[in-house]
Amino acid sequence: MADVRLALTPFDPAAEMTAFAAAHGGAGGIVSFLGQVRVGEGVTALELRHYEPLTLPGMIALAASTEARWPLAGLLMIHRSGVLHPGEPIVLVAAAARHRRDAFAAADFAMDHLKSEAWFWKREQVGAVWRWIEPRDQDYADLARWT
Amino acid sequence: MADVRLALTPFDPAAEMTAFAAAHGGAGGIVSFLGQVRVGEGVTALELRHYEPLTLPGMIALAASTEARWPLAGLLMIHRSGVLHPGEPIVLVAAAARHRRDAFAAADFAMDHLKSEAWFWKREQVGAVWRWIEPRDQDYADLARWT
Amino acid sequence: MARLVFLGRLEDIAGVPDLTVPLHAPTALADVLTTLPPALSEALAGPKVRLARNGELVAANGLMVNEADELAFLPPVSGG
Amino acid sequence: MARLVFLGRLEDIAGVPDLTVPLHAPTALADVLTTLPPALSEALAGPKVRLARNGELVAANGLMVNEADELAFLPPVSGG
């Protein structure tokens, strides 16, 4: 059963990883992806918006399809929404599996889908100006690898 | 410059990941692999042996070739040697990169090479009997993907 | 009364995150949009904008909006 | 005196992690191996066993062992 969360306040990736690794001690291998707000590129804040009726249900469905595709011992998926500052975690995905390749593929798959299919909208503040971020072509190309 | 360590005593993956994420705040994405001694399969201890003149130099060379292959903001590679117990971390690899795909590929590449090319020998204790672990065919197949 | 919800950059164009429109009978989406400022209705009808009615994705083509519906306008997403 | 180092399962076969062999002149590897118990010398000469002399990988074929050399016998690795 996956642990899927929409976090409206900051979360602590290290504490989450420690708990996840302890909960899946039988797995052998854990692959994680941590995305954080970049430091030092002039971005003063990042805002992620979500749409309540779709966002968490969509993440739960993504977790289910990830688990259906690879034999995992556990899957953790946490995505922030709200206003974030440089250095703060945005997303953490961790997949625990008996076989290393399964954990890598599952985390990779989940991230590609979170990036370009999950119901989030992102804008960043540079100076006093907020600008919406459009998905990049690369994001769609990444997603197309799985079909 | 990669951070490469041969750990002769237990290390704390969460603390290492926190420090690594803080050190590479400009990267945006960090992929990690954590391998730990499996819990609950009758294995009471795992022993990793290394050969001083080769093991750490080999890990450093692997880190350098990983960094040469993908544009990384940072690379962390810690591998335990010695006697370990169930739940203890064996290996932690983390790659920080601007682009997610680079971080995934670098961590995957480093792990495949650590598994089947790094100078470690592993045996496990089940009950009172120690048994050396031979590399699996799958490990060689994983490695061959990169050539 | 139906509620229109604007996500992402559509909120900037609308100037508000949501808007309540008076409806007394099922109304075609196209007719709902004509009551809005032209710049907004044009953006909402864009080819990349997806629609969710009461939390379920629906096709824009031929859509009827009922009283008490919540209709969300979803531009391309960008998470992670 | 040269030092032979046995890694992995080779240590179990040798019964010790390393062994010092008396050498007074450069000696062919094959001649060094014949001074060892047959089960050990056979395992050390196995096709999957690699060799490092003084921390550098070397080929077994035609190898001469010098006084004060450290010669490590490396069976297939298994890390991670």
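Throughout this document, residue positions are counted from 1 along each chain, in the order its sequence is written. Following the order in which they are written, the chains are lettered starting with A and the ligands numbered starting with 1. Only residues with pLDDT of 70 or above have their local features reported here, since the model is predicted, and side-chain atom pairs are shown and tallied only from 80 upward, although totals for entire chains, interfaces and linings are computed over all residues. As a rule here, side-chain values come from all non-hydrogen atoms in the structure, and water together with hydrogens is ignored.

Student: So, the interface of chain A and chain B: which residues are in play, and what are the values?
Tutor: Contact definition: two residues touch when any of their heavy atoms are within 4.5 Å. Contact residues are listed per partner, giving 36 residues for chain A and 36 residues for chain B. Summed over both partners, buried area is the accessible surface (1.4 Å probe) that two parts give up on being assembled. Buried surface at the junction of chain A and chain B, summed over both partners, amounts to about 3,000 Å²; 46% is from carbon and sulfur atoms. The largest per-residue losses of area from chain A upon contact with chain B belong to R100, R101 and F104 of chain A, which jointly make up 23% of the total buried on that side. Here, a salt bridge means any side-chain nitrogen of Lys or Arg that lies within 4 Å of a carboxyl oxygen of Asp or Glu. Here chain A is connected to chain B by 10 salt bridges. Linking D142 of chain B and R100 of chain A is a salt bridge whose minimum nitrogen-to-oxygen distance equals 3.3 Å. A 3.5 Å cut-off defines polar contacts: any pair of N or O atoms within that distance qualifies, except that in protein one atom must be a possible hydrogen donor and the other a possible acceptor, and neighbouring residues in sequence count only when both atoms are side-chain atoms. Summed over the shared surface of chain A and chain B, the result is 19 residue pairs in polar contact (both at pLDDT 80 or more).

Student: Could you give me a rundown of the relation of the copies chain A and chain B, with the residues and numbers involved?
Tutor: Superposing copies: least-squares fit, C-alpha atoms only, residues required to have pLDDT of at least 70 in both. If you rotate chain A by 180° and push it 0.0 Å along the axis, it lands on chain B with an RMSD of 0.0 Å. Taken together, the rotation and translation relating the two chain copies correspond to the operation of a two-fold axis.

Student: Residue-level account of the interface of chain A and chain C, with values.
Tutor: Taken together, the contact between chain A and chain C spans 24 residues of the former and 19 residues of the latter. Both faces considered, chain A and chain C share a buried interface measuring about 1,800 Å² in area, 59% of it formed by carbon and sulfur atoms. Taken as a group, Y51, W121 and W132 of chain A account for 35% of the area that chain A buries against chain C, more than any other trio of residues on that side. Of the charged contacts in the structure, one is a salt bridge between E134 of chain A and R9 of chain C, with a shortest N-O distance of 3.5 Å. Counting the contacts that link chain A with chain C gives 11 residue pairs in polar contact (both at pLDDT 80 or more). Every element with two or more residues in the side of chain A that touches chain C is listed here: β3 (43-50), α2 (52-69), β6 (89-97), α3 (100-116) and β7 (120-126) of chain A. The element best represented in the side of chain A that touches chain C is β7 of chain A, accounting for 4 residues. The numbering of helices and of strands both runs from the N terminus, where a helix is a DSSP run of H or I of at least 4 residues and a strand a run of E of at least 2.

Student: Quick rundown of the packing of α2 of chain A against α3 of chain A? Include the residues and the values.
Tutor: Residue and element names in this part refer to chain A. It is the contact of α2 with α3, at a shortest axis distance of 10 Å, that shows an interaxial angle of 150°. It follows from the interaxial angle that α2 and α3 lie roughly antiparallel. Seen from above, α2 lies across α3 with right-handed handedness. Here M59, L62, S65, T66 and R69 of α2 lie close against α3, whose contacting residues are A106, F109, A110, H113 and L114. Three residue categories are used. Nonpolar comprises Ala, Val, Leu, Ile, Met, Phe, Trp, Tyr, Cys and Pro, charged comprises Asp, Glu, Lys and Arg, and polar comprises the others, including Gly. Here the residues of the contact of α2 with α3 are counted per class, giving 6 nonpolar, 3 polar and 1 charged. Between N-to-C directions, angles span 0 to 180 degrees; the directions come from axes that are lines fitted to C-alpha atoms, helices contributing only their stretch in contact. Working rule for angles: under 35 degrees goes down as roughly parallel, over 145 as roughly antiparallel, 65 to 115 as roughly perpendicular, anything else as oblique. Left-handed describes a crossing whose near helix is turned anticlockwise from the far helix through less than a right angle; right-handed describes the clockwise counterpart.

Student: Tell me about the sheet that holds strand β1 (residues 2-6) of chain D, residues and numbers included.
Tutor: Residues and elements named next belong to chain D. Paired strands, in this sense, are two strands between which DSSP finds at least two bridges. Across the sheet, 5 strands lie side by side as β2-β1-β7-β4-β5; this open sheet has mixed pairing. In this open sheet, the two edge strands, each paired with only one partner strand, are β2 (18-21) and β5 (56-58). Between one strand axis and the next, the sheet turns through 25° on average, direction left out of account.

Student: How would you sum up the side chain of S41 of chain C? Please name residues and give values.
Tutor: All names here are of chain C. With respect to the helices and strands, S41 occurs in helix α3 (residues 38-44). For every residue, the accessible area obtained with a 1.4 Å probe (protein chains only) is divided by the maximum for its type, and the residue is called buried under 20%, exposed over 50%, and partly exposed between those limits. Taking the relative accessible area as the measure of exposure, S41 reaches 15% and is therefore buried. In terms of polar contacts, S41 uses its side chain to reach the backbone carbonyl oxygen of P38, at 3.2 Å. Residues within four places of S41 in sequence aside, it is in contact with L33 and L36.

Student: Outline the sheet that holds strand β8 (residues 129-132) of chain B, listing residues and values.
Tutor: Residue and element names in this part refer to chain B. The antiparallel open sheet is built from 4 strands, whose spatial order is β5-β3-β7-β8. Here the strands that pair on one side only, and so sit at the sheet edges, are β5 (82-84) and β8. Taken pair by pair, the neighbouring strands of this sheet meet at an average axis angle of 25°, ignoring direction. Across 7 bridges, the pairing between strand β3 (residues 43-50) and strand β7 (residues 120-126) is antiparallel. Looking at β7, one finds that L48 is bridged to K122.

Student: Explain the nonpolar core to me, and be specific about the residues and the numbers.
Tutor: What is meant by a nonpolar core is a set of buried Ala, Val, Leu, Ile, Met, Phe, Trp, Tyr and Cys residues, joined one to another through side-chain atoms within 4.5 Å. Residues M77 and L114 of chain A together with M77 and L114 of chain B are the most contacted members of the largest nonpolar core, which totals 66 residues. For L114 of chain B, the contacting residues outside a window of four places in its chain are M59, L62, M77, H79, V91 and V93 of chain B together with G79 and G80 of chain D. I78 and L92 of chain A together with A27 and L34 of chain B belong to the second-largest nonpolar core, a separate cluster that totals 26 residues.

Student: Account for the pattern of salt bridges, with residues named and values stated.
Tutor: Inspection of the entire model under this criterion finds 36 salt bridges over all chains. We note a salt bridge from R5 of chain A to E16 of chain A, for which the minimum N-O separation is 2.9 Å. In this pair, R5 of chain A sits in strand β1 (residues 3-7) while E16 of chain A sits in helix α1 (residues 13-23), placing the two residues 11 residues apart along the sequence. Judged by relative accessible area, which is 30%, R5 of chain A ranks as partly exposed. Taking the relative accessible area as the measure of exposure, E16 of chain A reaches 17% and is therefore buried. R145 of chain B is the partner of D108 of chain B in a salt bridge, and the nearest nitrogen-oxygen pair spans 3.4 Å. Placement of D108 of chain B in helix α3 (residues 100-116) and of R145 of chain B in the segment after α4 (137-144) is noted, with a sequence separation of 37 residues between them.

Student: Hey, could you go over the packing of aromatic side chains for me, with residue numbers and the actual values?
Tutor: Put simply, two rings from Phe, Tyr or Trp (the six-membered ring, in Trp's case) pair if the centres are within 6.5 Å, and we call them stacked under 30 degrees between planes, edge-to-face over 60, tilted for the rest. Across all of its chains, the model carries 12 aromatic pairs over all chains by this definition. For the pair F104 of chain A and F33 of chain B, a centre-to-centre distance of 5.9 Å together with 10° between the ring planes defines the contact as stacked. With F104 of chain A in helix α3 and F33 of chain B in strand β2 (residues 29-36), the pair connects residues from two separate chains. Assessed through its relative accessible area of 3%, F104 of chain A is described here as buried. Using a relative accessible area of 4% as the deciding quantity, one classes F33 of chain B as buried. Between F109 of chain A and W146 of chain A, the aromatic rings sit 5.3 Å apart at their centres with planes inclined by 85°, giving edge-to-face as the arrangement. Note that F109 of chain A is positioned in helix α3 and W146 of chain A in the segment after α4 (137-144), a separation of 37 residues in sequence.

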